[in-house]
Amino acid sequence: MKGALPHRAAQLLREAHRVVVLTGAGISAESGVPTFRDALTGLWARFDAQRLATAEAFHADPDLVWGWYEWRRTTVGRAEPNPGHVAIATIQARIPDTTVITQNVDDLHERSGTPAAIHLHGSLFTPRCVAAAAHPATLPSPDDHAAPPDEGGRIPPPRCASCGALVRPGVVWFGEPLPEAALTAAVEAATACDLLLTVGTSGTVYPAAEIPRIAARSGATVIQVNPEPTPLDRIAAVNLHGTAAQVLPTLVATAWAGTDDT
Ligand code: BV8
């Protein structure tokens, strides 16, 4: 990360009035939560995430897919928010008109002081049954099933207490529509913002990947934080090539250096 870029990015952030922060799996990587494509180890190492994260895969082998999500939920439960999550909560404290939009299904934004993150792809913590009524289901407590071994295992999904249908993870699978209210709120925020900070997303999954592009087309300035180049490099005014837990605290400290108001 070159020296000059953070100062330009810090000035853009300090002068912003309406901010959107869009996060992908990379923001949770330094909390020990593997990114979507890295979350395939052990039993699932031979699978493609995009094929496993589908209704078809769940109906073909519910125990395999439910076991994967329970292993991921257990991993998230053992994780803590990292300084990148905390820096985003600080941005919200400094600039009240800040909307956090995440593609992630973990709860690390909520646990780091961002209570109302918009979850475009649902959550590991809101299971529902597969019936049309989509009855909300309670999560099995760890002793409801033998705790998955570290590398995970097949776990039969519970049955809905209301109708007896299978319970599924409360996430958006490939081929499923995003929650309408979440997507509408995200598009509205991206259209109205003057600065969009995109952190830890490959910008390849749609329609979430449209959000930074909508902001740029609406006249916002885009800053990207990612250790790797992505398709979003070309719409970003500043590309900070580094990790979230390293770059974001530096960005926030530089933006508000010398100001003691919080
Ligand atoms: C839909 C929940 C329509 C599940 C996920 C055009 C328009 C609309 C749709 C499409 C389209 N083209 C194709 C589609 C279909 C498809 C799609 O986008 N396919 C892609 C592969 C081309 N989209 C869909 O199916 C969507 N639905 O369009 O429905 C519809 C409408 C009406 C009726 C019926 C249907 C649904 C997409 C949602 C899928 N669910 N998650 C789960 O988590 O199990 S998406 C999943 O993948 C994650 O949410 C994640 O965000 C995303 C990408 O995975 P990763 O690569 O791991 O994560 P990310 O992209 O965030 O990349 C990690 C980045 O972090 C990397 O760049 C890395 O460099 C960086 N990084 C790593 N370490 C760090 C770091 N950065 C900072 N710090 C670090 N330390």
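Residues numbered from 1 in each chain as written. Predicted model: local features only at pLDDT ≥ 70, side-chain atom pairs only at ≥ 80, totals over all residues. Heavy atoms only, no water.

Novice: Any chance you could break down helix α6 (residues 83–94) for me, citing the residues and the numbers?
Specialist: Taking 1.5 Å as the rise per residue, α6 with twelve residues should run 16 Å; its terminal C-alpha atoms sit 16 Å apart, in good agreement. Where α6 is concerned, the buried positions are Gly-84, His-85, Ala-87, Ile-88, Ala-89, Ile-91 and Gln-92. Measuring from the side-chain oxygen of the N-cap residue of α6 to the backbone nitrogen of Gly-84 gives 2.7 Å; that N-cap residue is Asn-82. (Helix = DSSP H or I, 4+ residues; strand = E, 2+ residues; numbered from the N terminus. Expected span 1.5 Å × (residues − 1). Buried < 20%, exposed > 50% of the residue type's maximum accessible area, 1.4 Å probe, protein only. Polar contact = N/O pair within 3.5 Å; in protein donor to acceptor, adjacent residues only side chain to side chain.)

Novice: Please provide a residue-by-residue account of the packing of α6 against helix α10 (residues 244–255), values included.
Specialist: Put simply, α6 and α10 touch, their axes get as near as 7 Å, and they point 30 degrees apart. Taken together, the axes of α6 and α10 are roughly parallel relative to one another. Here α6 and α10 pass one another in a crossing that is left-handed. Residue-level inspection shows Pro-83, Gly-84, Ala-87, Ile-88, Thr-90 and Ile-91 of α6 in contact with α10, the latter providing Ala-244, Ala-245, Leu-248, Pro-249 and Val-252. Grouping the amino acids of the contact of α6 with α10 by side-chain chemistry returns nine nonpolar, two polar and no charged. (Axes fitted to C-alpha atoms, helices over the stretch in contact; angles between N-to-C directions. Parallel < 35°, antiparallel > 145°, perpendicular 65-115°, else oblique. Left-handed = near helix turned anticlockwise from the far one by under 90°. Contact = heavy atoms within 4.5 Å. Nonpolar A, V, L, I, M, F, W, Y, C, P; charged D, E, K, R; others polar.)

Novice: For the environment of Ala-257, give the residues involved together with the corresponding values.
Specialist: Following the sequence through the fold, Ala-257 ends up in the segment after α10. When the C-alpha atoms of Ala-257 and Ala-10 are compared, they prove to be 9.7 Å apart, with 247 residues separating the residues in sequence.

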